[in-house]
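Read off the chains here:
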Amino acid sequence: MALTTNRAVLDWIDEMAAMTQPDQIVWIDGTQSQIDDLRAQACATGELEQLNQELLPDCYLHRTAVNDVARVEDRTFICCRKQEDAGPTNNWMDPQEMYAKLKQLYAGAMKGRTMYVIPYSMGVVGSPFAKYGIELTDSIYVVLNMCIMTRVGQAVADVIGDDFVKGLHAKADIDPENRYIVHFPEDNTIMSVNSGYGGNVLLGKKCFALRIASYLGHNQGWMAEHMLILGLQNPQGEVRYLGAAFPSACGKTNLAMLIPPAAYKEKGWKVWCVGDDIAWIRVGEDGRLWAMNPENGFFGVAPGTNEKSNPNALHTTEKGTIFTNVVHNLDNNTVWWEGLDKNPPENAVDWKGNPWNGKTSAEKGAHPNSRFTAPAKNCPCISPEFENPKGVPLSAIVFGGRRAKTAPLVYQAHNWQHGVFMGSIMASETTAAAAGAVGVVRRDPMAMLPFCGYHMADYWQHWLDMGKAVGEEKLPKIFNVNWFRTDEEGNFIWPGFGDNLRVLEWIMKRAFDETDGVETPIGYQPRATDINLEGLDFSLETLEGLLGVDVDLWKEEVKGIHEFYQKFGEKVPQALVEELDALEQRLG
Ligand code: GTP
Ligand code: SPV
Ligand code: MN
């Protein structure tokens, strides 16, 4: 039974069904009985495996195809009418040509299968800032993930209008040669085919909440960003909020759920998680920037998550969670991944589905981009503001990446314009979150390189325009961090994880003008003695090294930025060109 009588919705579903030819169409109302039923069906076909219900209630395991384990940036397209509107960093094809190509791939793709209709909301249903979508998919795995990651069901169908985001996903043959993740921003449409993995198929996430939403935000005066949102509670009990943009697999989920080091905890410091991946940011009634998390769950990186690095994430995955491409421990029917503990199971199945012995195998058991899909409400430190449709006011914005050298532990922009420049020149080593080489430094402006749904230079201008609209007084202060500097042996120097709070403390003090900063060629920095090292065995000297700015490396960096900006030609905002010139001069 259709959950709506909305003609625009029903006509579009008819059209997609005529093309894909499913045996039947099932609407997802998100009720527990329906979810139980789908889980049972998926277990019957092997799509899911039920885990130990005593240790991991309502938890399931899924393995994707071996060639389908990450986002595919080279097969992701922005199809707007004019190529120049997509810009030099996006793949583009003429929309009519792309529709025609996709039509062939979708033709009869759901024969013998069921088409599930998922009405979902990004944001609190019915709130002025929520946006709605419908995803059509032939994958139960996708349905169950969407039911965790977004708000799904009748309540959404009741309020959905004509301008919903249309998403069509078909697994087809999981053929990597014919895999396409396509966005038609001018038509509010997303089409995904030949994949069954995460960001390629959970269309509310990167496709809608970043690529389509960034396009909408540009037109409508708001921002969609690849940012975590956290509240930092100080010993006085005040909670101050920041948004932080790091590229994929660079530490957003970990920072968003941070547990303070003992010395901080005792004094009353606490971190509240509002979001771990995506922020929609608007100008609030008070003229400040407010950020809300449009998602309802976490699709987090499993490897490296443990009782010490991120206990909050670990506890979040103890019920109602879907694990993808991790190790299946057959002794107790639970899961394992590299970095969970030092005790890998011997009687296990690896992410590819092969027998695996963690004590003797030379190969990794879990895929480096293996993930958990867990409900936000499970998180022990979920913010009381999580459901507040207005979101939270931002006092700071933090950019960061994975850099073995060059980028210091932390520095602060002079002002908003300089901060936008800092975001635009971000660079980071690539990770397993996307298909392709890992560990290669690439420019990833605002961590949005793979997610900006329009021309990157117009996006930078949009940041500058938002700053003008808000005014320096009310704007969050902008910072850059790097947890990933390495020593000569390639070991991370900074302990990271909970100890990152030591840096956040300085950031928030600066945001509220409660401490001074030292001028350096790249921005303001703390003295080593300004970072509280209480309870940490870490020398001031090493910290000085981490804060150090190597002028020669930065001069090299400037060359790279010039090259990068050249890609965008005349389109680079003049303000950013001026910032680059000024940086060059300060470096001497
Ligand atoms: P996406 O979900 O892909 O957007 O990733 P993310 O930005 O949320 O990254 P996440 O927090 O999942 O961390 C990715 C990897 O980086 C994990 O293996 C973490 O263990 C590791 N990591 C996170 N924070 C730190 C840190 O402060 N220091 C070090 N050395 N590693 C970290
Ligand atoms: C990322 O790659 O930034 C993710 C995972 O958050 S995915 O949903 O696959 O995009
Ligand atoms: Mn992400």
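Residues numbered from 1 in each chain as written. Chains lettered and ligands numbered in written order. Predicted model: local features only at pLDDT ≥ 70, side-chain atom pairs only at ≥ 80, totals over all residues. Heavy atoms only, no water.

### Here we look at the overall build of the protein
Okay, step 1: What the protein contains, in helices and strands, is 17 helices and 30 strands.
Okay, step 2: Against the 2.2 N^0.38 benchmark of 25 Å for 588 residues, the protein shows a C-alpha radius of gyration of 23 Å, consistent with a compact globule.
Okay, step 3: Oriented by its inertia axes, the alpha-carbon framework of the protein measures out at about 65 × 55 × 45 Å.
Okay, step 4: Taken over 588 residues, the protein has a buried fraction of 62%. (Helix = DSSP H or I, 4+ residues; strand = E, 2+ residues; numbered from the N terminus. Rg over C-alpha atoms; globule rule 2.2 N^0.38 Å. Buried < 20%, exposed > 50% of the residue type's maximum accessible area, 1.4 Å probe, protein only.)

### Regarding the packing of helix α12 (residues 416–424) against helix α13 (residues 456–470)
Okay, step 1: For the pair α12 and α13, the least separation of the axes is 10 Å and the interaxial angle reads 160°. Taken together, the axes of α12 and α13 are roughly antiparallel relative to one another. The handedness of the crossing between α12 and α13 is right-handed. Where α12 abuts α13, its residues Trp416, Gln417, Val420 and Ser424 lie against Trp460, Trp463, Leu464 and Gly467.
Okay, step 2: Tallied by class, residues from the contact of α12 with α13 come to five nonpolar, three polar and no charged. (Axes fitted to C-alpha atoms, helices over the stretch in contact; angles between N-to-C directions. Parallel < 35°, antiparallel > 145°, perpendicular 65-115°, else oblique. Left-handed = near helix turned anticlockwise from the far one by under 90°. Contact = heavy atoms within 4.5 Å. Nonpolar A, V, L, I, M, F, W, Y, C, P; charged D, E, K, R; others polar.)

### Observations concerning the side chain of His367
Okay, step 1: Relative to the helices and strands, His367 resides in the loop between β22 (355–356) and β23 (371–375).
Okay, step 2: The residues touching His367, leaving out its near neighbours within four places in the chain, are Val69, Pro303, Asn325 and Trp351.

### Here's the deal with the coordination of the manganese ion (ligand 3)
Okay, step 1: Distances from the manganese ion (ligand 3) to its protein donors, Lys206 (NZ), His226 (NE2) and Asp277 (OD), fall within 2.1 to 2.4 Å.
Okay, step 2: Here the manganese ion (ligand 3) is ringed by six donor atoms whose angles at the metal span 65 to 173°, and the overall shape comes out irregular.
Okay, step 3: Counting the intervening residues between successive donors of the manganese ion (ligand 3) yields the motif K-x19-H-x50-D. Taken together, the positions of His226 in the loop between β11 (223–225) and β12 (227–233) and Asp277 in the loop between β14 (270–275) and β15 (279–283) put the pair 51 residues apart, joining distant regions of the chain. Each member of the pair, His226 as well as Asp277, is classed as buried. (Donors = N, O, S within 2.8 Å, 3.2 Å for Na, K, Ca; no water. Tetrahedral: all angles 85-135°; square planar, octahedral: opposite > 155°, others 65-115°.)

### Some remarks on the site of ligand 2
Okay, step 1: Lining the immediate environment of ligand 2, one finds Arg71, Tyr197, Gly199, Lys205, Lys206, His226, Ser248, Asp277, Phe299, Arg371, Ala433 and Phe451.
Okay, step 2: Arg71 is positioned such that a nitrogen or oxygen atom in its side chain is 2.9 Å from an oxygen atom of ligand 2.
Okay, step 3: One of the side-chain N or O atoms of Lys206 is found 2.5 Å from an oxygen atom in ligand 2.
Okay, step 4: Expressed as a share of its isolated accessible area of 280 Å², the protein-covered part of ligand 2 is 98%. (Near = heavy atom within 4 Å. Polar contact = N/O pair within 3.5 Å; in protein donor to acceptor, adjacent residues only side chain to side chain. Areas by Shrake-Rupley, 256 points an atom, 1.4 Å probe, with all protein chains shown as cover.)

### Here's the deal with the site of ligand 1
Okay, step 1: Taken together, 22 residues surround ligand 1, and among them Ala249, Lys252, Thr253, Asn254 and Arg371 come closest.
Okay, step 2: Side-chain polar atom of Asn254 to an oxygen atom of ligand 1: 2.8 Å apart, as the coordinates give it.
Okay, step 3: One of the side-chain N or O atoms of Arg371 is found 2.7 Å from an oxygen atom in ligand 1.
Okay, step 4: Of all the secondary structure elements, the ones that give two or more residues to the shell around ligand 1 are α9 (252–256) and β17 (297–301).
Okay, step 5: It is α9 that provides the largest number of residues to the shell around ligand 1, a total of three residues.
Okay, step 6: Broken down by class, the residue content of the shell around ligand 1 amounts to ten nonpolar, eight polar and four charged.
Okay, step 7: Viewed by domain, the shell around ligand 1 spans two of them, domain 2 (225–296 + 385–586) and domain 3 (297–378), each represented by three or more residues. (Domains from an automatic or database assignment.)

### Topic: the nonpolar core
When a protein is soluble and globular, its nonpolar side chains tend to lie buried together.
Okay, step 1: Counting residues in hydrophobic clusters, the biggest one holds 94 residues, and the most contacted among them are Trp280, Tyr459, Trp460, Trp463 and Tyr565.
Okay, step 2: At nine residues, helix α5 (residues 140–149) tops the list of elements feeding residues into this core.
Okay, step 3: Summarising the domain contributions, this core has at least three residues from each of domain 1 (7–47 + 72–221) and domain 2 (225–296 + 385–586).
Okay, step 4: In contact with Trp463, not counting residues within four places along its chain, are Met223, Glu225, Met227, Ile397, Phe399, Trp416, Val420 and Met446.
Okay, step 5: In terms of nonpolar packing, the next biggest core, distinct from the first, is built from 64 residues, Ala244, Met257, Phe479 and Leu504 among them. (Core = buried A, V, L, I, M, F, W, Y, C linked by side-chain atoms within 4.5 Å.)

### Structural notes on the packing of aromatic side chains
Okay, step 1: Applying the stated rule across the entire model yields 22 aromatic pairs.
Okay, step 2: Note on Tyr99 and Phe184: the rings are 3.9 Å apart at their centroids and 10° apart in plane angle, and the pair reads as stacked. Of this pair, Tyr99 sits in helix α4 (residues 95–106) while Phe184 sits in strand β9 (residues 180–184), and the two are 85 residues apart along the sequence.
Okay, step 3: For Tyr99, a relative accessible area of 22% puts it in the partly exposed group.
Okay, step 4: Looking at Phe184, the relative accessible area reads 0%, which means it is buried.
Okay, step 5: Judged by centre distance (6.2 Å) and plane angle (80°), the rings of Phe479 and Trp506 are edge-to-face. With Phe479 in strand β28 (residues 477–481) and Trp506 in helix α14 (residues 501–511), the pair connects residues that are 27 residues apart, well separated along the chain.
Okay, step 6: Here Trp506 falls in the buried class, since its relative accessible area comes to 2%.
Okay, step 7: Through a chain of ring-to-ring contacts, the aromatic side chains of Tyr120, Phe208, Trp222 and Trp280 assemble into a single cluster.
Okay, step 8: Taking NZ or CZ as reference, Lys166 lies 5.4 Å from the ring centre of Phe164, over its face.
Okay, step 9: In this structure, Lys270 is placed above the aromatic ring of Trp272, and the distance from its NZ or CZ to the ring centre is 4.3 Å. (Phe/Tyr/Trp six-rings, centres within 6.5 Å; stacked < 30°, edge-to-face > 60°. Lys NZ or Arg CZ within 6 Å of the ring centre and 35° of its normal.)

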